[in-house]
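Now for the letters of each chain:
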Amino acid sequence: MLDIKNTQISPTQIQQWRFDTPGTNKYIHLNNAGASLPPQSVVTAMQQYIAEEATRGGYETAEIRADLLNRFYTNMASMLNCQARNIAACSSATDGFCKAIQAIDFQEGDVILTTDDDYVSNQIVFLNLVKRYKIQLIRAKTKPSGGVDVDSMKKLMDQYHPKLVSVTHIPTNSGLVQDVEAIGQLCKSREIIYIIDACQSAGQMPLDVQKIGCDFMSATFRKFMRGPRGMGFLYVSDRVLSNDLAPLYMDMKGANWVAPNEVQLVDDAGRFQYWEQNYALMAGASAAIAYALTVGLENIRDRARALAQYTRQELRKIDQANVLDQGEELGAIVTVHLEGMQAEYLKQQLSKYFVNTSVAQRSSALIDFDKKGVNWALRLSPHYYNTKEEIDQTIYHIKKNINQ
């Protein structure tokens, strides 16, 4: 049975969240790991900003709404337990991630240490660095129960002295939650630069960058943050800022032109941000953060995980279903392979009943899927505004299509 008693969430609160989310009137949205349904406050914030730009002018609106735009940084800082100066606005998680990577002066022979459960785009960046700069890419061992082996990480740090450690907190293709805090302690004691991909954990659970001990953290807003597409953030630690690390490609937001042949870095994370921003998206993102903080990240985590665990429980009752999620800690992403079914066909059939899901292909999780012996998985990712009844309906439609 789905147990939400420990989350201190009342039926009235759930009704309010669903009222605030008009899409729930028509869709069973279980694709929050792809792009969540935003609350109405997010949509309204963007619409109002665009309308004001159209009436007043872009520069003039930005000037008069400076306090509104600054709330993006202060709200994000509240969510991550840092200062506004540590936050850069980016167009996506990958945009922020790549800017962070640019700040590291890689030399031939340098080592990047990561895991088997890294995000595909990050792996592509690393493999390009291997080719261009002749660095080494090393992946730590995975525990039999799933997730990175922290002891393996420690041994490899001491053996290879990596310039960068990179960990995806929650892989896009799995419910796995990796132990980023334990790895952060290892990196801090060895003064290794540490970057976290929090694309699937931001908005799904509390994130405290002080406890995690990372130097960078990147994420997007369209997933569990319930914000707009085309908007992301990058956290930059004080250690990075004080050491004058900066991306290779900057503009006048990140540095000041102080002499004909000299630039001076700004003293905050603005050096990782371009001057030109979509301010309407920033307004929407700020509203998304405020909404999540009002709901409470602990409440979000507990309810989303309870729904995900219930989904796994019901899927395991289907003979043809192979639930793929492994790890000592599991989040709100459920992946399942159904024998004899075609991935896109199943997704399309569910969409006929207004059930939104997504498919993870082998190309997005090559190492993990090869270990599991599958080439695709149906991904079901509930959020706190979903209900047990929606999960039951989805399971019913999956069974129905299997039996056809």
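Above this text sits the structure in question.
Report on the accompanying structure. (Residues numbered from 1 in each chain as written. Predicted model: local features only at pLDDT ≥ 70, side-chain atom pairs only at ≥ 80, totals over all residues. Heavy atoms only, no water.)

## Some remarks on the sheet that holds strand β3 (residues 111–114)
(1) Moving on: Strands sit in the order β2-β8-β7-β6-β5-β3-β4 across an open sheet of seven strands; the sheet is mixed. Both outer strands of the open sheet, β2 (87–90) and β4 (136–139), are each paired with one neighbouring strand and no more. The average undirected angle you get between the axes of adjacent strands in this sheet is 20°.
(2) Moving on: The strands touched by helix α5 (residues 93–102) are β2, β5 (164–168), β6 (193–197), β7 (216–220) and β8 (232–236); relative to β7, the strand with the most contacts, the crossing angle is about 160°. (Pairing = 2+ DSSP bridges. Helix = DSSP H or I, 4+ residues; strand = E, 2+ residues; numbered from the N terminus. Axes fitted to C-alpha atoms, helices over the stretch in contact; angles between N-to-C directions. Contact = heavy atoms within 4.5 Å.)

## Details of a nonpolar patch on the surface
(1) Moving on: A grouping of Y59, M252 and W275 is seen on the molecular surface, where their side chains present a nonpolar patch of about 390 Å² in accessible area.
(2) Moving on: Mapped onto the secondary structure, Y59 falls in helix α3 (residues 58–64). (Patch = residues over 30% accessible without salt bridge, like charges linked within 9 Å, V, L, I, M, F, W, Y side chains within 5 Å. Areas by Shrake-Rupley, 256 points an atom, 1.4 Å probe, with all protein chains shown as cover. Salt bridge = Lys/Arg side-chain N within 4 Å of Asp/Glu carboxyl O.)

## Regarding empty space enclosed by the protein
(1) Moving on: What the rule picks out here adds up to two cavities of 30 Å³ or more.
(2) Moving on: Put simply, the largest cavity is a space of about 60 Å³.
(3) Moving on: Forming the walls of the largest cavity are Y119, T168, I170, T172, D197, C199, Q200 and K223.
(4) Moving on: Residue composition of the lining of the largest cavity, by class: three nonpolar, three polar and two charged.
(5) Moving on: In this structure, the second largest cavity encloses a volume near 30 Å³. (1 Å grid on protein atoms, 1.4 Å probe; cavity = no way out; pocket = protein on both sides within 12 Å on 5 of 7 lines; lining within 4 Å. Points joined across faces, edges and corners; volume = space filled by probe spheres on them. Nonpolar A, V, L, I, M, F, W, Y, C, P; charged D, E, K, R; others polar.)

## Let's talk about the pairing of β6
(1) Moving on: Of all five residues that make up β6, five are buried, and the element is covered over most of its length.
(2) Moving on: Residue alternation in β6 divides its side chains into two sets, I193, I195 and D197 and Y194 and I196, and both sets are buried.
(3) Moving on: Taken together, the five bridges between β5 and β6 define a ladder with parallel strand orientation. When the bridges of β6 are listed, L164 appears paired with I193.
(4) Moving on: Once the chain exits β5 it traverses helix α8 (residues 180–190) before rejoining the sheet at β6, and the crossover so formed is right-handed. (Buried < 20%, exposed > 50% of the residue type's maximum accessible area, 1.4 Å probe, protein only. Right-handed = clockwise from strand over helix to strand, strands pointing away.)

## Here we look at the packing of helix α11 (residues 279–295) against helix α12 (residues 297–315)
(1) Moving on: Running from amino to carboxyl end, α11 crosses α12 at an angle of 75°, the nearest separation of the two axes being 5 Å. By the criterion of interaxial angle, the relationship of α11 to α12 is roughly perpendicular. Residue-level contacts link A292, L293 and V295 of α11 to L297, N299 and I300 of α12.
(2) Moving on: Tallied by class, the residues present in the contact of α11 with α12 amount to five nonpolar, one polar and no charged. (Parallel < 35°, antiparallel > 145°, perpendicular 65-115°, else oblique.)

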